[in-house]
Amino acid sequence: IDGRTLPAVTQLFTEPYMVKFLLHNTIGAWWCARHGIKGLPGEAGVPNGQAPVEMEYLRWRDDGTPAAGKFDGWPNSLKEFTMLDPCCGSGHFLVEAFNLLVPMQMHDEGLAAQEACDAVLAENLFGLELDPRCTQIAAFALALAAWKYPDESGEPLDYRELPKLN
């Protein structure tokens, strides 16, 4: 294996349910703990109407707190939160995190959909990858997610200039 063949032999794909499980039980657990949201003991998912986005894979302890913990060392607000995917590939984790963080930004900061999308892209998400082709695909996947994100009337925000991606 050398520099030419490294990407072809090291690229892996994480199944969508695994990505959601990991993000719901990290970012979701952190967000719910910060907002005092409690779940049903031993169950999964956030009780209806308690979060701006569905997190069906979020697990709860017997005391109703997130099973993964509260992430006390993490920032206190989304404005301070950053996520780095050090092997972003085609952006699967980044796009899923985008779809999780945008409604949270809208809820916490009172932002419109487009403002929240731009804030998440500019301030929260970062990706690295050895293969420059993958970073291009990841950037396009994020752009497409931002263009397709629904506005307040349910219509896609559509093509527009986006903030510089990280």
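Bear in mind the structure is a predicted one, so any value in this text is a computation, not a measurement.

1. Details of the overall build of the protein chain
Then step 1. Counting secondary structure elements, the protein chain contains 5 helices and 2 strands.
Then step 2. Overall, the protein chain shows an N-to-C arrangement of helices and strands of α-α-β-α-α-β-α.
Then step 3. Here the C-alpha coordinates of the protein chain stretch approximately 50 × 40 × 25 Å along the principal axes.
Then step 4. Per-residue burial for the protein chain yields a buried fraction of 37% across its 166 residues.
Then step 5. For the protein chain, restricting intrachain contacts to residue pairs at least 6 apart in sequence, the fraction spanning at least 24 positions comes to 65%.
Then step 6. For the protein chain, the accessible surface area stands at approximately 9,300 Å², while carbon and sulfur atoms represent 55% of it.

2. Notes on the packing of helix α3 (residues 92–109) against helix α4 (residues 113–124)
Then step 1. The N-to-C vectors of α3 and α4 enclose an angle of 120°; their axes lie 9 Å apart at closest approach. The orientation of α3 relative to α4 falls into the category oblique. The interaxial crossing formed by α3 with α4 has right-handed handedness. Facing F98, L101, V102, Q105 and M106 of α3, the residues of α4 in contact are A113, A116, C117, A119, V120, L121, E123 and N124.
Then step 2. Of the residues in the contact of α3 with α4, the class split is 10 nonpolar, 2 polar and 1 charged.

3. Here's the deal with the nonpolar core
Then step 1. Core analysis: the biggest nonpolar cluster contains 42 residues, and I27, M83, F98, L101, M104 and L125 have the highest contact counts within it.
Then step 2. Among the elements of the structure, α2 (16–34), α3, α4 and α5 (132–148) are those that each provide at least two residues to this core.
Then step 3. The element best represented in this core is α3, accounting for 9 residues.
Then step 4. In this structure M104 touches I27, G28, W31, P52, V53, M55 and L78, once residues within four positions along its chain are discounted.

Conventions used here
- Residues numbered from 1 in each chain as written.
- Predicted model: local features only at pLDDT ≥ 70, side-chain atom pairs only at ≥ 80, totals over all residues.
- Heavy atoms only, no water.
- Helix = DSSP H or I, 4+ residues; strand = E, 2+ residues; numbered from the N terminus.
- Buried < 20%, exposed > 50% of the residue type's maximum accessible area, 1.4 Å probe, protein only.
- Contact = heavy atoms within 4.5 Å.
- Areas by Shrake-Rupley, 256 points an atom, 1.4 Å probe, with all protein chains shown as cover.
- Axes fitted to C-alpha atoms, helices over the stretch in contact; angles between N-to-C directions.
- Parallel < 35°, antiparallel > 145°, perpendicular 65-115°, else oblique.
- Left-handed = near helix turned anticlockwise from the far one by under 90°.
- Nonpolar A, V, L, I, M, F, W, Y, C, P; charged D, E, K, R; others polar.
- Core = buried A, V, L, I, M, F, W, Y, C linked by side-chain atoms within 4.5 Å.

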